Amino acid sequence: MKDSQQVFETMLNHTFDMLLIADQNRRVLFSTPNFNEVTGYSPEELRNMDAFTIVHPDDIEYMHNRHQNLLTTHQNSTVEYRMINKNGEVRYFECRTTPLPDTKDFLQVVSTRDITERKQMELELERHKNRHEVLQKSLKNFSYDLSSVMKLTDLEERLVKELGVTLPGSNPYILNTYPMNLPKLLVGKFETYTGKILIKIGEREKKPYILSLKANAIKEKMESIWLETLVHYTVMVFENLNMIEGLMNQLEAALKSKETPQWVLRMMFNLQEQQRLTLSSDLHDTVLQDQIDLYRRMESLLNRNDIEKEAKAQLKDIEQGLLDIIHDIRVTCNNLRPPLLRELGLVTSLENLFEHIQVTSTYKIVFTSEDISMLQLSEEQTITIYRIVQELLHHAEEHARANQIKFNLYCENDRLKMEYNDDGIGFDVLEMNPSNHHLGLTSISQRAQSLGGKVEYHSNNGSGLIANLELPITLKAL
């Protein structure tokens, strides 16, 4: 009998899991040495202590309910919870409780395993994934909004707003003079000065345009990459807007009409497309590659045999989340610069766009087209029509509340024409202006005008929208 007891105690003292024996009132009667080491409490301190004394306060109620259920059902149960050791450190535990209802005081054997390292890894991966989602969404919204920015003051407002929201505590603002004792900055380059990051966006009227934000707001590499991409795009937009503003000031005295000259519009949209192409490349070469590297590391981790089934299932969910983010980044890159647009041609590219949009849209798309393969459409004309279609799809989704939209593309009298109509809520065309939720439709008109074409809108409240686009088939090079 004595030998059996010694063997039993030896097994308890050398088992991989930490063991605890408590009674129905949760009083600790026995604990293995490894449990004492992790908690920091000696066997004497633990003896007769309420086992829930070291449970994290946020988990107490849940553990009480679980314990009561165990007393009632007499069934084994497994749970994860947090424990606070004697030094105040929070540890994560996985425990399996086996009740012994036929024993005096209803003893319970608790087999516990420290899973702190695994939980911290899971939490870090989840936080990393969530942060990437925030940064990716930020870039997507920022790039989309800047495509409609026409003034430097609007650019500044949008930039400061995005930084303030995405980097809390960064306190961003614009300087128009160089700080004392600081050599002149290079455009787009980061300079740390007195606890701040200074980035020169450009110059305007011989004065610097410098973005300032707190350096400690950047806490990890992906945020630094995000900021570099944001600044790179902002610099290009700033330079283009500055140039356009200068041209417009020179022409202001000569222009009698409020309508923007065609060549200015055409140049502006060409510059925007070049910016979209550059941003798409930047996203693909930086953020997307980081995501793919993280996914491969996750995939390698999942192939390890020492990860438990439940943990592997949770990591699988995170892996799927990373795949979703990678997909979203690729979609964003494709939206910024549609792939193979020149190679596939306009009609096939539109068909692919409609097929993709139809999967998630709330409306039905009907597309008809004549054979226009004989037309020698320039890349500029092709991308313009493609962007106009994207704006109309955005209008249908965000404003029209349409159930069905129709596109018809055809050629007539040396003009390429496209008819669009939807069965949405419509609006009063006479009241259409950029500040009244019609910025996209105004942009469509400007795009058509930039290529010598026009768009006519027909709509009334409750009667949907009809848009008729005309573009000349031939166009002289800029």
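I will try to describe carefully the structure that is included in this document. (Residues numbered from 1 in each chain as written. Predicted model: local features only at pLDDT ≥ 70, side-chain atom pairs only at ≥ 80, totals over all residues. Heavy atoms only, no water.)

## Points about the sheet that holds strand 10 (residues 364–369)
Hydrogen bonds along the backbone pair up the strands of a sheet, which may run parallel or antiparallel. Ordered in space as 10-11-12-14-13, the five strands form an open sheet in which the pairing is mixed. Each of the sheet's edge strands pairs with one partner strand only, and the pair in question is strand 10 and strand 13 (454–459). Put simply, the sheet's adjacent strands are angled 10 degrees from each other on average, direction ignored. Inspection of the sheet shows strand 11 (residues 404–412) paired to strand 12 (residues 415–422) by eight bridges, in the antiparallel sense. In the sheet register, Leu 409 faces strand 12, and the bridge partner there is Met 418. Most of the contacts of helix 12 (residues 346–360) go to strand 10, to which it runs at about 170 degrees, and overall it touches strand 10 and strand 11. In this fold helix 13 (residues 379–400) packs onto strand 10, strand 11, strand 12 and strand 14 (465–472), with an angle of close to 10 degrees to the strand it touches most, strand 12. (Pairing = 2+ DSSP bridges. Helix = DSSP H or I, 4+ residues; strand = E, 2+ residues; numbered from the N terminus. Axes fitted to C-alpha atoms, helices over the stretch in contact; angles between N-to-C directions. Contact = heavy atoms within 4.5 Å.)

## Observations regarding the sheet that holds strand 7 (residues 190–193)
Reading across from one edge, 6-9-8-7 is the order of the four strands in this open sheet, with antiparallel pairing throughout. In this open sheet, the two strands that pair with only one neighbour each are strand 6 (173–175) and strand 7. Looking at each pair of strands side by side, their axes are set apart by 35 degrees on average, direction ignored. The pairing of strand 8 (residues 196–204) with strand 9 (residues 207–214) spans eight bridges and is antiparallel. In the strand pairing of strand 9, Ile 197 is matched with Leu 213. Those strands touched by helix 6 (residues 152–166) are strand 6, strand 8 and strand 9, and its axis lies near 15 degrees from that of strand 9.

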